[in-house]
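# Coordinate inspection notes
If you want the building blocks of each chain, they are given just below.
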Amino acid sequence: MARFIDRPGGVSGRAAWIAAVSAALVLSGCVSSASRGPARKPSRPAATAPAEPLYAADIPPSGAPLPDAPPVRPMPGTTIGSGPVKVALVLPMTGAGQGAVAAQSLRNAAELALSEFQGSDLTLLVKDDGGTPEGAQAAAQQAFAEGAELIVGPLFAGSVQAVGQVARQRGKPVIGFSTDASVATQGVYLLSFLVQEEVDRIVSFAASQGRRSIAALIPETQYGRVAGARLQQAAARQGIRIAALESYPPGQPQDAVRRLTGVIGGPAPQADALFMPDSGDGLPAVAQALQMAGFDPLRVKPLGTGLWDEPRVTALPVLQGGWFAAPDKRGFTAFAERYRARFNVDPIRLATLSYDAVTLAAALARIQGAQAFTDGMLTNPAGFAGADGVFRFNPDGTNQRALTVQEIRGGTAVAISGAPRTLVAGN
């Protein structure tokens, strides 16, 4: 645990440390898009990198390798930067399908972060895990043998878990990118977009707007199951009644919608909100079934998660007026412009995770060198300012983010409740 000593003038060492880290992050360009002037909206990523599974990160399930991806020995890695403090970046560079696409974008974002952090003390050891837990374990062992003090990544849950086991044996921390909260623990911190936080935010906002009864349509996916479970917890905390909850196989919502017709349809529906944690792949079929069931979004408010923040979703007529929780998109828009200028290609939505993790590592190393990556430093309750807004790591390895609430209007998403600029301890 880092010690903080009061300094003359009433400014504590702790406050000075927080200010120093925040300033380092701001100077590296990952806090406020507003300070950079107007930013044009980024074009959509290539079709080879669909947003939903990479944003939801529920591929593969915890502990499972990618399909058709046998265990591999990690290939010799490359390095980025030349500072005295070594940090490993473990990614599925040769993983199957989308894994390799995501890995390249995450690697590029890490390079961008170092290029924008003036005088960085880091050397990034880029290691390939092949998209498997076995490969991740070998990559971590190799990275620690080369002197890594921190591991950034991997992407998939099983790989994060494997790296975490190696890291704990050496007393080193991990900042992973999986959204499977079950792999988080003290010392293994997830920087990803966790659906739990988004559900809490949207349910809290709905309650503040007078919504008192929620129905739910839940896809039978890992992401959907987590979202559905969190909905029930969040609704109980807010005093909201769950009018009905129906699940459906991905892409086949018709029967579930039919069972909900009496709750969400007609001139006097029993629910005043409908929660649908599905993506642009699945929601068109849901929307079609809802239209056939006589669903009226003016009577029953559609509610969703960050998966809704894409044109395929916001274009659906049945979701107009709907609310969803997501990070402030202005930060990603500004980041995407700088990324395109450097690499001449669009980043995937997850790329800011790598950017923020590397920037944070550089900021901490600037202050305390190789001894900076302690649990006390990483879980500072004041949090850190990143490209997607303010975030902090919880002691259990999960994270908390400052999220906006956005409303779908005329085919676009408009922020109607801004993200907090700070995260106060105990929020």
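Just above, that's the structure.
The following paragraphs examine the structure supplied in this document.

Moving on: empty space enclosed by the protein. As enumerated under the stated definition, the model contains two cavities of 30 Å³ or more in all. Taken together, the residues that form the lining of the second largest cavity break down as three nonpolar, one polar and three charged.

Overall, antiparallel pairing links the three strands, which are arranged S12-S13-S14 in an open sheet. Both outer strands of the open sheet, strand S12 (384-386) and strand S14 (399-401), are each paired with one neighbouring strand and no more. Averaged over neighbouring strand pairs, the angle between their axes works out to 35 degrees when direction is ignored. Relative to strand S13 (residues 389-393), S12 is paired through three bridges, and the arrangement is antiparallel.

On to the packing of helix H6 (residues 195-208) against helix H7 (residues 222-238). H7 packs onto H6 with a crossing angle of 40 degrees between their chain directions and a minimal axis gap of 9 Å. By crossing handedness, the relation of H6 to H7 is classed as right-handed. Counted together, Val195, Gln196, Glu197, Glu198, Val199, Asp200, Val203, Ser204 and Ala207 of H6 and Tyr223, Val226, Ala227, Arg230, Leu231, Ala234, Ala235, Arg237 and Gln238 of H7 form the full contact between these two elements.

Attention now goes to the nonpolar core. Membership of the largest hydrophobic core comes to 50 residues, with the highest contact counts inside it found for Val87, Leu122, Phe177, Phe335, Phe373 and Phe393. For this core, the elements supplying multiple residues, two or more each, are strand S2 (85-91), helix H3 (98-116), strand S3 (122-128), strand S4 (150-152), helix H11 (329-343), helix H12 (351-368) and S13. Take this core: its biggest share by element is eleven residues, from H12. Leaving out residues up to four positions away in the same chain, Val87 has contacts with Leu122, Thr123, Leu124, Leu125, Leu150, Val152, Ala361 and Phe373. Core analysis: the next-biggest nonpolar cluster, separate from the first, contains 30 residues, Leu260, Phe324, Ile408 and Ala413 among them.

Calculation notes
- Residues numbered from 1 in each chain as written.
- Predicted model: local features only at pLDDT ≥ 70, side-chain atom pairs only at ≥ 80, totals over all residues.
- Heavy atoms only, no water.
- 1 Å grid on protein atoms, 1.4 Å probe; cavity = no way out; pocket = protein on both sides within 12 Å on 5 of 7 lines; lining within 4 Å.
- Points joined across faces, edges and corners; volume = space filled by probe spheres on them.
- Nonpolar A, V, L, I, M, F, W, Y, C, P; charged D, E, K, R; others polar.
- Pairing = 2+ DSSP bridges.
- Helix = DSSP H or I, 4+ residues; strand = E, 2+ residues; numbered from the N terminus.
- Axes fitted to C-alpha atoms, helices over the stretch in contact; angles between N-to-C directions.
- Left-handed = near helix turned anticlockwise from the far one by under 90°.
- Contact = heavy atoms within 4.5 Å.
- Core = buried A, V, L, I, M, F, W, Y, C linked by side-chain atoms within 4.5 Å.
- Buried < 20%, exposed > 50% of the residue type's maximum accessible area, 1.4 Å probe, protein only.

Read these as geometric descriptors, not functional statements.
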